[in-house]
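Spelled out from the first residue to the last, the chains are:
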Amino acid sequence: EFETNVFMDYCIYNSRKSGKNIAQRAFEQFSHVYDGEKFDIFSKAAKAEFAYLKIVDTAGENSLNVQDIICGNNYTLIDKGMSKTAAENGGTFYLITHFINFGSFIITTGASVPVDIKTEAGTKVHTAAEKYLLKENHSDDSRYQLITDLYKKCFQEDITMNVPSEILPFDQFNNIETKH
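Anyway, here's the lowdown on the structure attached to this text. (Residues numbered from 1 in each chain as written. Predicted model: local features only at pLDDT ≥ 70, side-chain atom pairs only at ≥ 80, totals over all residues. Heavy atoms only, no water.)

## Some remarks on the overall build of the protein
Our working rule: Labels follow the DSSP assignment, with helices taken as runs of H or I lasting at least four residues and strands as runs of E lasting at least two, numbered in each case from the N terminus. Any two residues having at least one pair of non-hydrogen atoms within 4.5 Å are treated as being in contact. To measure how exposed things are, a 1.4 Å probe is used in the Shrake-Rupley method; for residues, cover is taken only from the protein chains shown.
Within the protein one finds six helices and six strands. Walking the protein from its N terminus toward its C terminus, one meets helices and strands in the order α-α-α-β-β-β-α-β-β-β-α-α. Of the contacts made within the protein by residues no fewer than 6 positions apart, 53% connect residues no fewer than 24 positions apart. For the protein, the computed accessible surface area is about 10,600 Å², with 50% contributed by carbon and sulfur atoms.

## Some points on the packing of aromatic side chains
To describe a pair of aromatic rings, one takes the distance between the centres and the angle between the planes. So the rule is basically this: Centres within 6.5 Å are what make two rings of Phe, Tyr or Trp a pair, Trp counting through its six-membered ring; a difference in plane orientation under 30 degrees is then read as stacked, over 60 as edge-to-face, and the rest as tilted. Partly exposed residues are those whose accessible area sits between 20% and 50% of the maximum for their type, while under 20% is buried and over 50% is exposed, using a 1.4 Å probe and protein chains only.
Going through the model one piece at a time under the given rule, you end up with eight aromatic pairs. Measuring from centroid to centroid gives 5.2 Å for F27 and F42, while their planes differ by 85°, and the two rings are edge-to-face. In this pair, F27 sits in helix α2 (residues 22-30) while F42 sits in helix α3 (residues 36-46), placing the two residues 15 residues apart along the sequence. Judged by its relative accessible area of 19%, F27 is buried. A connected cluster of aromatic rings, assembled from ring pairs, spans F27, Y34, F39 and F42.

## A short note on the pairing of strand β2 (residues 63-68)
In the case of a regular strand, side chains alternate between the two sheet surfaces. Short version of the rule: A pair of strands is labelled paired if DSSP reports no fewer than 2 bridges between them.
As paired elements, strand β1 (residues 49-58) and β2 share five bridges and run antiparallel to each other. Residue pairing across strands places L53 opposite D68, the latter belonging to β2. Two successive antiparallel strands, β1 and β2, enclose a turn made up of four residues, where G60 displays a positive phi of approximately 125°. Alignment of β2 against strand β3 (residues 74-78), held across five bridges, turns out to be antiparallel. By the bridge assignment, S63 is partnered in β3 with I78. Between β2 and β3, which pair antiparallel and follow one another directly, the connecting turn spans five residues, one of which, G72, has a positive phi of 85°.

Structure follows, in C-alpha cells:
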C-alpha cells in the first residue's frame, strides 16, 4: 500500500500538462470555491516543491531540522512519524518528498521515502542525487529528470516496500465544505 501512496504523490506533483502539475491545475480550476484558511492551504499545496532532505537533527517531539541538499535551504519539518524514526535510528536518513511550505515550517504532501544512506540501496539513491549536484546544468528539465530518477531508484531498490505507513486518508476529502 505504501508503494501506491508514494507513486500517487509522485504523479500528483510530477505529471505535467502545459507545464503545470495536477495540484496547480486543480487550484486554477477550483480555487474560486474556497476562501480564508482553506484557500490559503489550497494555494500553498499547489506550490508544493520536491526536496531531497537531509535530516540534521530532531527539533522537538514531532519535528525535525532538515536541509534540502538540492537547493541548500534549511527548514523545520513537522512530521510525527519521521521524527520518531530519526530519534530511534540516528541521523543517517534522508527523505525523498514533496513539501508544503508554511513559512516557519514545512509538512510533507503525503507519502515520503526515508532513505537510510548506511544501506546499499540508500547509497545508490544518495549517489544519484550527488551526481546531479555535480552537474553544471540545473535546468527545470534536469531537475524533473532527477526527481524521476530518485523515485525510480527507490522502487527498483525496494526502499518503498520497507517503510511502514498508514493509508492516506483520501475519504476525509468527501466532506469538505466549499463556498458557493
